[in-house]
Amino acid sequence: MSRPFFELLHPDDALSLIREWAAAAPHAVEVLPCAPEDGQRTLEALQVTTRSPLGALGYHTGGLLLDRGWLRILGAGCDRLPRALDRWNGLGTEPPSSATLPDDLLSAGTVGAARQRLVA
């Protein structure tokens, strides 16, 4: 059973954690904005709270561009990163068993480290 949108919002939101990671990264990280309706749609599809970095990424961001876009982490989508985490993974009303977060990867080590931080 899916939780409604308002139950997925958490006062201890992980967006600040994502911004801390971005600021501490050895390469440039750009946090892209998203439209509020896209963030809501993505969060409802993910069915995780905004306390989780994955939930905050999907709700608050259009995605992340790392190292001038060499690595892209999907969020709710935006003009500069038109793939959305929920739509790219075919998420609907059922919670996902797995999901693709990064896009256009050159190094599996980088993916593992980024994914570990986002879903932990």
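The coordinates are above.
What this report covers is the structure whose coordinates are included nearby. Small disclaimer: the values here were computed from a predicted structure and weren't measured.

**Notes on the packing of helix H2 (residues 15-24) against helix H4 (residues 53-60)**
Their axes nearest at 8 Å, the elements H2 and H4 cross at an angle of 90°. By the angle class used here, H2 and H4 are roughly perpendicular. On H4, the residues touching Leu15, Leu17, Ile18 and Trp21 of H2 are Pro53, Ala56, Leu57 and His60.

**Topic: the environment of Cys34**
Its place among the elements puts Cys34 in the loop between strand E1 (29-32) and helix H3 (36-46). In this structure, the C-alpha to C-alpha distance between Cys34 and Asp79, residues 45 residues apart in sequence, is 8.6 Å. Those residues in contact with Cys34 that lie beyond four places of it in its chain are Gly39, Tyr59, His60, Thr61, Gly62, Ala76 and Gly77.

**Describing H3**
Looking only at H3, the buried set comprises Gly39, Arg41, Thr42, Leu43, Ala45 and Leu46. On its buried face, H3 sits against helix H1 (5-8), H4 and helix H5 (85-88).

**Some points on the state of the cysteines**
The full count for this structure, using the stated rule, is 0 disulfides. For the unlinked cysteine Cys34, the closest cysteine sulfur is that of Cys78, found at 7.9 Å.

**Description of the pattern of salt bridges**
Tallying each qualifying case throughout the model produces 4 salt bridges. Where Asp12 meets Arg51, a salt bridge forms, and the shortest distance between an N and an O atom there is 3.6 Å. Here Asp12, found in the loop between H1 and H2, pairs with Arg51, found in the loop between H3 and H4; they are 39 residues apart in sequence, far enough to count as distant. Overall, Asp12 belongs to the partly exposed group, its relative accessible area being 45%. The salt bridge partner of Arg41 is Asp38, with a shortest N-O separation of 2.9 Å. Here the residue Arg41 and the residue Asp38 both occupy positions in helix H3, the gap between them amounting to 3 residues, near one helical turn. For Arg41, a relative accessible area of 19% gives the class buried. Overall, Asp38 belongs to the partly exposed group, its relative accessible area being 23%. Salt bridges here are not isolated pairs; linked through shared partners, they connect Asp38, Arg41 and Asp86.

**Section: the packing of aromatic side chains**
This model, assessed by the stated rule, comprises 1 aromatic pair. Ring centres of Phe5 and Tyr59 lie 5.6 Å apart, and the angle between their planes is 50°; on these two criteria the pair is classed as tilted. Of this pair, Phe5 sits in helix H1 while Tyr59 sits in helix H4, and the two are 54 residues apart along the sequence. By relative accessible area, which is 16% here, Phe5 ends up buried. The ring of Trp88 carries Arg83 above its face, with NZ or CZ at 5.0 Å from the centroid.

What counts, and where the lines are drawn
Along each chain, numbering runs from 1 in the same order as the chain's sequence is written. Reporting in this predicted model follows two pLDDT cut-offs: at least 70 for local features of residues, and 80 or more for side-chain atom pairs to be given and counted; totals over whole chains, interfaces and linings ignore these cut-offs and use all residues. Where side-chain values are given, they derive from all heavy atoms of the structure, hydrogens and water being excluded. Each axis is a line fitted through C-alpha atoms, taken for helices only over the stretch in contact, and angles between the N-to-C directions span 0 to 180 degrees. Strands are runs of DSSP state E lasting at least two residues, helices are runs of H or I lasting at least four, and both sets are numbered from the N terminus onward. Note that the term roughly parallel is reserved for angles under 35 degrees, roughly antiparallel for angles over 145, roughly perpendicular for angles of 65 to 115, and oblique for everything else. Contacts are residue-level and defined by heavy atoms, with any inter-residue pair within 4.5 Å sufficient. Only protein chains enter the calculation, and the probe is 1.4 Å; a residue is then buried if its accessible area is under 20% of its type maximum, exposed if over 50%, and partly exposed in between. A pair of cysteine sulfur atoms is labelled a disulfide when the two atoms are within 2.5 Å. Here, a salt bridge means any side-chain nitrogen of Lys or Arg that lies within 4 Å of a carboxyl oxygen of Asp or Glu. Side-chain rings of Phe, Tyr and Trp (the six-membered ring for Trp) are treated as a pair once their centres are within 6.5 Å; stacked means planes under 30 degrees apart, edge-to-face means over 60, and tilted covers the remaining angles. Whether a charge sits over a ring comes down to the Lys NZ or Arg CZ being within 6 Å of the ring centre and within 35 degrees of the ring normal.

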